[in-house]
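Understanding the architecture of this molecule
Each chain is listed here by its residues.
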Amino acid sequence: MSAADLAGRPGLLARLTPGPAVRRLLRNRAFVAGLLLFGTVAILALLAPWISPTDPNRMAVRFRFREPSWDFPFGTDNLGRNMVSRVLWGGRLSLEIGLWVVMLNAVFGVVLGAAAGYFRRLDGPLMRIADALMAFPAVLLAIGIAAALGPSVATVVIALSVVYVPRTARVLRASVMVVREQDYVQAARAAGAGDGRILFRHILPNCMAPLIVQLSFVFAYAILSEAVLSFLGLGAAPTTPSWGILIAEGRSYIREAAWLTVVPGVAIATTVLGLNLLGDGLRDVLDPRLKVDA
Amino acid sequence: MTPPLLSAPLLSAPLLSVRDLTVTFRAEGRTQAAVDRVGFDVAAGEVLGIVGESGSGKSVTALAVMGLLPANGRVASGEILFEGTDLLRLPARKMRDLRGRRIGMIFQEPMTSLNPVFTIGDQIVETIVHHERLGRRAARERAVDMLARVGIPSARRRLDDYPHQMSGGMRQRVMIAMALACSPRLLLADEPTTALDVTIQAQLLDLLNDLRREFGMAVVVITHNMGVIAEFADRVAVFYAGRVAEEAPVEPLFDRPAHPYTRGLLASTPRLDADAERLVTIPGAMPNIAAPPPGCRFAPRCGVKVEACEADRPPLVAVGDGHRAACIRAGEAAA
Amino acid sequence: MSARAPLSPNPSPPGGEGSALDAASPPPAGGRDRERGSTATTPPLLEVRGLTKHFPIRAGAIVEREVARVRAVDDVSFTVARGETLGLVGESGCGKSTTGRLVLRLIEPTAGTILFDGEDVTGLEGAALRRLRRSMQIVFQDPYGALNPRMTVEEIVVEPLVVQGGTTRADMGREARRLMDLVGLPAAHVTRHPHEFSGGQRQRIGIARAIACRPRFVVCDEAVSALDVSVQAQIVNLLQDLQKELGLSYLFIAHDLAVVRHISDRVAVMYLGNLVEVADKRTLYTAPRHPYPQALLAAVPVAHPRLRRTRPRLTGEVPSPLDPPPGCRFHRRCSLAEDVCRTEVPALRDLAPGHAVACHFAERTGGPPPAAA
């Protein structure tokens, strides 16, 4: 319990100056730091076709295993490929996979979560399935699915979605169940509104804050898990560099050419840290209730 | 104008004296005064009622006295003298010791004020052991005694109950038992009965009345309910928009309210014992404390305001024995 | 399921459903089949018979089954006449809010009948239910929870019109402004969002929404309880003005006895799911006959410090509706309780025209009016 609760009407002071959410977000340090970190990574990855010095797969045997230097800031790999290009292009793929997972989470997590949270009849069955899926350790489940479907980008996306959709659905279900009991939902019902209108007009718009927060974390987890899957050889085809694949490739030379694993590792860490900060900031501003009090 | 209270004989000095207290809050990068130069005294054994609507600063004042302001709030100026000591200058450790031992506090919401993972016995014993050189066994006996005193049946058995096993009224009794466990000199009760049903409220007001006589303690009761004031208070301070609008012994306040806000508050309360065709209302709403009106903060809603009201803050002027009102027309209104 | 049998078509209990339960006139026997010309008296706007709601408590690891039931509302009957305000008071958990929502068909009754304007609306569904909703509306307690924070005030107040259909887009804007005007808010503020308003103003918006489709009956569920005194008086006056202007009937649910006295014509007192006393307000407040309303009135703080008095307090607390006491549900807290109270449920019966009491000893509970100064 925080001291603000003791003040009796903690919301009052906040209500006196109702600044738009954007302004409050920009005043949140975590959010701004996260935005800068993640934004930088995302823009660089997006611009990869234009800013990479070389084709990421162009081999130049005479430049094998170059340490980071002025000419090759991130060094080169065993085939003399420029790591700057490979990390930039790898970021494209990693972020693309993350984005796909986020989108599938947004669609299926919302549909399943809303169905379970709103229609009591569906709640039991849907949540039992979700519980069953969530009973497996996330990475193990992803490995199982990826192994069953064979390595490809689609496989990774499907595997990670199966892992994270139940979690997103649970988050959404919880907020739907809270909003469902709000008086304005009762008022809509009393006005004669049907389930569709109540769900889409009243409930879902008010569940967006926790959903956005959740999706920012899913994005981060997806990028991490993609790296794990790729590292284990269950990711995208090895010719396409994703960060996970870069680390997997570099693993064999970790003693001689540590930069091959360190550089993509730092890229992943930066992205995930950025997304987590972003998510924390969003949560603090959009939905302070989700904050776990110390 | 302030005599050095530390050297003054304590008997004649008030138990609690709040002087020129200003509490500011930072929100959205702006600083605003939730309490603006507020002052009042509480004599030993007296019940002071602080009445006001939400946003009047009454709860913030109580939290300031307890040294429990939220992180974004701070005392910008003023003194809070308790038994002659300025609480604002007290080191945190001394303040912690004072809280719970010399000054007890009960809150509006008895569910969130009790820790759900400990039994009520543990929580009362904890308070006693923390403040007094008493073994756990003796403290437990005291806890049983306190629970019985606040009217909890089969107190010894209920000691091992968790808060959720009790009703709201029972939890508030536990809160009272905890607050009184170390026989404080002063009890701060912030909306102690607001969350409770009227029959339970009546039981608790009776209980508080009995206990304060028995313990000889002073009580500051903070409420929005004029009935609680009429029922329980010796003296009243009426808060409006972070300031004291009027201060009086309870009967004169109800008989001859001198501030137009107090008059409006009394008139707009529906009566249980009379029918009225239409309720008297105070037009408008409490001003935004981030941008308070200049001069008298009640002026925008006041039916008797004159030009001068909007110029300067009206001082508290005496209109009777111990009766003061912050209204430049208070003198003429006493008709 | 099994509870339905003894309650629903009500075989007029001993004492009969006398005029106390009916506002001014007895309901015509035929209910919905009544013909306007054939009866001289019009039926009450709302009539509720034997209304009952039990919430099952379910538990079980795999197969859930009912382990207990909360008897929130048990065999409640009352009427509301046209243009009348019936106050419904009681302490938290007595079932008064549930009763309001049952009447509005927001929750389904376990048993009982709801007649609106002479028509049985208990089983209405689909389009017919939606049409009924036009005539019955609700104002909520919490001015912050009752308005969708993502919608503009215009969207909020015209939502009933949108849902009900039949209003053109152009008319919506005009309607929104008219409603704002009606509840005393600047019409220009319709484009704002709820958080830009104070508690009292938000309550006005909630009222505007409730009267948008010109209902005849409004349930005010603790509609002024969360407001500060000075604002509360404004909203009470607004509700009364609208009642006169629009010919509304109110079911005014509240725990504040003084507010209920001010706004109601008649008052019904609930205790643990039962109605214990129904009377016109003067009778109820000056000469209540059931020991519970008597105690309730005695517990209200005095209006002036000189009226302080020691008085017998009601001891104990309201028992759990999960396991209400047998017989009269009030007997464990009642000073008059005798053996019969522990075994027999007292029927709500007429003591005088317009005054019904559910107490075995209603004839001898009279005394000095407890609330008198």
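Here the structure is shown first, and the text comes after it.
A brief report on the enclosed structure follows.

Conventions and cut-offs
Residues numbered from 1 in each chain as written. Chains lettered and ligands numbered in written order. Predicted model: local features only at pLDDT ≥ 70, side-chain atom pairs only at ≥ 80, totals over all residues. Heavy atoms only, no water. Pairing = 2+ DSSP bridges. Helix = DSSP H or I, 4+ residues; strand = E, 2+ residues; numbered from the N terminus. Axes fitted to C-alpha atoms, helices over the stretch in contact; angles between N-to-C directions. Buried < 20%, exposed > 50% of the residue type's maximum accessible area, 1.4 Å probe, protein only. Contact = heavy atoms within 4.5 Å. Buried area = accessible area lost by both parts, 1.4 Å probe. Salt bridge = Lys/Arg side-chain N within 4 Å of Asp/Glu carboxyl O. Polar contact = N/O pair within 3.5 Å; in protein donor to acceptor, adjacent residues only side chain to side chain. Nonpolar A, V, L, I, M, F, W, Y, C, P; charged D, E, K, R; others polar. Parallel < 35°, antiparallel > 145°, perpendicular 65-115°, else oblique. Left-handed = near helix turned anticlockwise from the far one by under 90°. Right-handed = clockwise from strand over helix to strand, strands pointing away.

As a general point, the strands of a sheet are linked pairwise by backbone hydrogen bonds and lie either parallel or antiparallel. Residues and elements named next belong to chain C. Ordered by their spatial adjacency, eight strands build an open sheet running β6-β7-β8-β3-β9-β10-β12-β11, and the pairing between neighbours is mixed. Edge positions in the open sheet fall to β6 (136-139) and β11 (349-352), since each of these has one partner strand only. Between one strand and the next, the sheet's axes are offset by a mean angle of 25°, whatever the strand orientation. Direction of pairing for strand β7 (residues 217-221) relative to strand β8 (residues 249-254): parallel, over a ladder of five bridges. Each residue of the ladder has a partner; that of Phe217, found in β8, is Ser249.

Negative phi values dominate among residues other than glycine, just as trans dominates among peptide bonds. Residue and element names in this part refer to chain B. For Ser154, which is not glycine, the phi torsion reads 40° and is therefore positive. By the secondary structure assignment, Ser154 is in the loop between α4 (136-149) and α5 (155-158). Unlike most non-glycine residues, Ala241 shows phi in positive territory, near 50°. Considering the arrangement of structural elements, one finds Ala241 in the loop between β9 (235-240) and β10 (243-249). The class of Ala241 is buried, set by a relative accessible area of 0%.

This part is about the interface of chain C and chain A. With 26 residues of chain C in contact, the opposing surface of chain A contributes 18 residues. In terms of surface lost to chain A, no three residues of chain C exceed Leu106, Arg150 and Glu159 of chain C, which account for 24% of the buried area on that side. In this assembly, chain C and chain A are joined by two salt bridges. Between Arg197 of chain A and Glu159 of chain C there is a salt bridge whose closest N-O contact spans 2.7 Å. Joining chain C to chain A, the criterion identifies twelve residue pairs in polar contact (both at pLDDT 80 or more). Of all the elements in the fold, those that place two or more residues in the side of chain C that touches chain A are α3 (126-135), β6 and α4 (153-164) of chain C. Per-element tally for the side of chain C that touches chain A: the top contributor is α4 of chain C, with six residues. Looking at the side of chain C that touches chain A, its residues break down into twelve nonpolar, six polar and eight charged.

By secondary structure assignment, the location of Pro292 of chain B is in the loop between α10 (260-268) and β11 (317-320). Once the C-alpha coordinates of Pro292 of chain B and Gly242 of chain B are considered, the two residues, 50 residues apart in sequence, prove to be 9.9 Å apart.

When two helices pack together, you describe them by how their axes are tilted relative to each other and by the distance separating the axes. Residue and element names in this part refer to chain B. Between helix α3 (residues 120-131) and helix α6 (residues 168-180), whose axes approach to 9 Å, the crossing angle comes to 20°. Between α3 and α6, the angle falls in the class roughly parallel. Here the hand of the crossing between α3 and α6 comes out right-handed. Note on element contacts: α6 touches α3 through Val174, Ala177 and Met178, opposite Ile120, Gln123, Ile124 and Thr127. Residue classes in the contact of α3 with α6 are distributed as five nonpolar, two polar and no charged.

This part takes up the pairing of strand β7 (residues 186-190) of chain B. Residue and element names in this part refer to chain B. In terms of burial, β7 is largely enclosed, as five of its five residues are buried. Along β7, one buried face is formed by Leu186, Leu188 and Asp190 and the opposite face, lined by Leu187 and Ala189, is buried too. Across four bridges, the pairing between strand β6 (residues 103-106) and β7 is parallel. Its bridge partner lying in β7, Ile103 is registered against Leu186. Relative to strand β8 (residues 218-223), β7 runs parallel, the two being bridged by five bridges. By the bridge assignment, Asp190 is partnered in β8 with Ile222. On the question of chirality, the crossover connecting β7 to the parallel β8 by way of helix α7 (residues 198-215) is right-handed.

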